[in-house]
Amino acid sequence: MALLVALATAGCGEAGPSSPPPLAGDPGLVHVHGLGINPRDGALYAATHTGLFVIRDGSASRVADRYQDTMGFTVIGPDHFIGSGHPDLRDQQLRKPDRPPLLGLVESRDAGRTWTPTSLLGEVDFHVLEVGHGNVYGFDATGGRFMVSRDRRRWQRRSTAALLDFAVSPRDGELILAATERGLLRSVDGGRGWRPAGGPPVALLAWDRPTALWAVAADGRTWVSADAGRTWKRRGALGGPPEALLAQDGTLYAAVHQQGIRRSTDEGASWRTLYSPSGPTG
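Keep in mind it's a predicted model, so treat the numbers as computed, not measured.

*Asks:* Mind showing me how you'd approach the overall build of the protein chain here?
*Replies:* The helix and strand inventory of the protein chain stands at two helices and 24 strands. Evaluated residue by residue, the protein chain yields a buried proportion of 59% over its 282 residues. Sequence separation of at least 24 residues holds for 40% of the intrachain contacts in the protein chain that already meet a minimum separation of 6. When the accessible surface of the protein chain is summed, it comes to about 11,700 Å², and 48% of that surface belongs to carbon and sulfur atoms.

*Asks:* Can you walk me through the sheet that holds strand β21 (residues 242-248) in this structure?
*Replies:* Adjacent strands of a sheet form backbone hydrogen bonds with each other and so pair up, either parallel or antiparallel. Reading across the sheet, the four strands line up as β21-β22-β23-β24 and stay open at both edges, with antiparallel pairing between neighbours. With partners counted over all chains shown, the strands left at the sheet margins are β21 and β24 (272-275), one partner each. Within this sheet the neighbouring strands show an average axis-to-axis angle of 25°, counted without direction. Pairing of strand β22 (residues 251-256) with strand β23 (residues 260-264) involves five bridges; the strand directions are antiparallel. Across the sheet, the residue bridging to leucine 252 is serine 264, located in β23.

*Asks:* What am I meant to see in the pairing of strand β9 (residues 126-132) here?
*Replies:* Along any regular strand, the residues point their side chains to alternate faces of the sheet. In terms of burial, β9 is a largely internal element, six of the seven residues being buried. One ladder, built from six bridges, connects β9 with strand β10 (residues 135-140); its direction is antiparallel. Bridge pairing links valine 128 to phenylalanine 139 in β10. Where β9 hands over to β10, the hairpin turn is made up of two residues, of which histidine 133 adopts a positive phi near 55°.

*Asks:* Explain the environment of aspartate 249 to me, please; I cannot follow it from the model alone.
*Replies:* Within the fold, aspartate 249 resides in the loop between β21 and β22. With 16 residues separating them along the chain, aspartate 249 and threonine 265 place their C-alpha atoms 9.8 Å apart.

*Asks:* Can you help me understand the layout of surface pockets in this one?
*Replies:* By rolling a water-sized probe across the atoms, one finds the places where empty space is left. Of the voids in this model, the largest pocket is the one considered here, and its volume is about 750 Å³. Secondary-structure elements contributing two or more residues to the lining of the largest pocket are β1 (32-37), β5 (69-77), β9, β13 (165-168), β17 (204-209) and β21. It is β5 that provides the largest number of residues to the lining of the largest pocket, a total of seven residues.

*Asks:* Quick question: what am I supposed to make of the sheet that holds strand β4 (residues 59-62) here?
*Replies:* With antiparallel pairing, four strands are arranged side by side in an open sheet as β1-β2-β3-β4. Whereas interior strands pair on both sides, the edge strands pair on one side only; in this sheet they are β1 and β4. Ignoring which end each strand starts from, the neighbouring axes of this sheet average 30° apart. With five bridges joining them, strand β2 (residues 44-48) and strand β3 (residues 51-56) adopt antiparallel strand pairing. Among the inter-strand pairings, alanine 46 is bridged to a residue of β3, identified as phenylalanine 53.

*Asks:* Just to check I follow, could you spell out empty space enclosed by the protein for this structure?
*Replies:* The tally for this structure, following the rule as stated, stands at two cavities of 30 Å³ or more. As a volume, the second largest cavity reaches approximately 30 Å³. The class makeup of the residues in the lining of the second largest cavity is three nonpolar, four polar and one charged.

*Asks:* How should the pattern of salt bridges be read in this particular structure?
*Replies:* Side chains bearing opposite charge may pair, as long as their charged atoms lie close to each other. Considering all chains together, one arrives at twelve salt bridges under this definition. One salt bridge connects arginine 40 with aspartate 79, and the closest N-O pair in it is separated by 2.9 Å. Of the two residues, arginine 40 sits in the loop between β1 and β2 while aspartate 79 sits in the loop between β5 and β6 (80-86), which places them 39 residues apart along the sequence. For arginine 145, the salt bridge identified is with aspartate 140, shortest N-O distance 2.6 Å. If you follow the salt bridges from partner to partner, you end up with Arg40, Asp41, Arg56 and Asp79 in one network.

*Asks:* How should I be thinking about the confidence of the model for the protein chain in this particular structure?
*Replies:* Note that predicted coordinates carrying low pLDDT should not be read in detail. Across the protein chain, the average pLDDT comes to 89, with 87% of residues at 70 or higher. A low-confidence stretch, residues 1-23 (pLDDT under 50), is modelled with 58 contacts involving residues beyond four sequence positions or located in other chains.

*Asks:* Before we go on, may I ask you to explain the side chain of aspartate 140 in this structure?
*Replies:* By secondary structure assignment, the location of aspartate 140 is in strand β10. Not counting the four nearest positions on each side in its chain, aspartate 140 is found in contact with Glu123, Val124, Asp125, Phe126, Arg145 and Met147.

*Asks:* Any chance you could explain the environment of aspartate 172 here in plain terms?
*Replies:* Looking at the secondary structure, you find aspartate 172 in the loop between β13 and β14 (176-180). Relative accessible area serves as the criterion here: at 34%, aspartate 172 is assigned to the partly exposed category. Each C-alpha atom of the pair aspartate 172 and aspartate 189 lies 9.9 Å from the other, and the pair is 17 residues apart in sequence.

What counts and how
The written sequence of each chain sets the order in which its residues are numbered from 1. This being a predicted model, a pLDDT of at least 70 is required before a residue's local features are given, and a value of 80 or more before pairs of side-chain atoms are given or counted; all residues contribute to the totals for chains, interfaces and linings. Think of the side-chain values as coming from all heavy atoms in the structure, minus any hydrogens and water. Labels follow the DSSP assignment, with helices taken as runs of H or I lasting at least four residues and strands as runs of E lasting at least two, numbered in each case from the N terminus. Here's how the labels work: a residue is buried when its accessible area is under 20% of the maximum for its type, exposed when over 50%, partly exposed in between, all with a 1.4 Å probe on protein chains only. Any two residues whose heavy atoms approach within 4.5 Å at even a single point are treated as in contact. The method behind every accessible area is Shrake-Rupley, applied with a 1.4 Å probe, and residues are considered shielded solely by the protein chains displayed. The pairing criterion for strands is at least two bridges between them, as found by DSSP. Fitting a line to C-alpha atoms yields each axis, with helices limited to the stretch in contact; the angle taken between N-to-C directions then spans 0 to 180 degrees. For cavity detection a 1 Å grid was placed over the protein atoms alone, and a set of points counts as a cavity when a 1.4 Å probe fits there but cannot get out; an open set counts as a pocket when protein lies on both sides within 12 Å along at least five of seven lines, with lining residues being those that have an atom within 4 Å of a point. Grid points are joined across faces, edges and corners, and a volume is the space filled by probe spheres set on the points. For this scheme, ten residues count as nonpolar: Ala, Val, Leu, Ile, Met, Phe, Trp, Tyr, Cys and Pro. Four count as charged, namely Asp, Glu, Lys and Arg, and the remainder, Gly too, count as polar. One side-chain nitrogen of Lys or Arg within 4 Å of one carboxyl oxygen of Asp or Glu is enough to make a salt bridge. The predictor attaches a confidence to each residue, and that confidence, scored 0 to 100, is pLDDT.

Put into structure tokens, the structure is as follows:
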């Protein structure tokens, strides 16, 4: 299951940026940690090990010439993003030498051009972040902590578990499904306690409406549950190991390891490539 850990959630499970991008040259889009749609213009953003990119017309454009390793990432409003991870090496060496290796929770209100520390600077590395029901839910990979905040500044540690990904029910903020190396877990008390949930072994989860909980296995097989993970229906396949998954308004987006970013408009039965590192897509 090492592949699942390496590709599904983190890409770099270390506490600090031990493999930062080089100062010379641009490595491009390397390992996608998260995907999000900006409500302001409908653009798809990809948070990666080597910076934040916007995907348009088959190409990936770096945002603001920044290389911040943005791990947990989600869009919470027009041009309003939150994330976590590790600082831009260029910031650390040239402009902000005192920036600690863990960003805690950072926030951008200009579509990722600038980021401001909000809380837990130097303390946590959220590999998964979700917003819903007035909360921010986060999984801190440095200590295996599942944490929740109402104001993005004060946090409650609710449990400790080795999670790969999680998804919060759109209907019930206390109902959470989580992927782990040993199978799915279910919480009915907002992440304070977890029980085995059965179901297929999956790496990534996304829950965009009460009757559509999505899951992708480490080999790219896609599943959907209409009853909060009690039963599952097999859909299509991505064609490779997944790195990130987004479900929004009935459309699925997925990053595939070394293959690019794909979209499905038929509930995961088929996938079209939006961006490929090998060149333009049709």
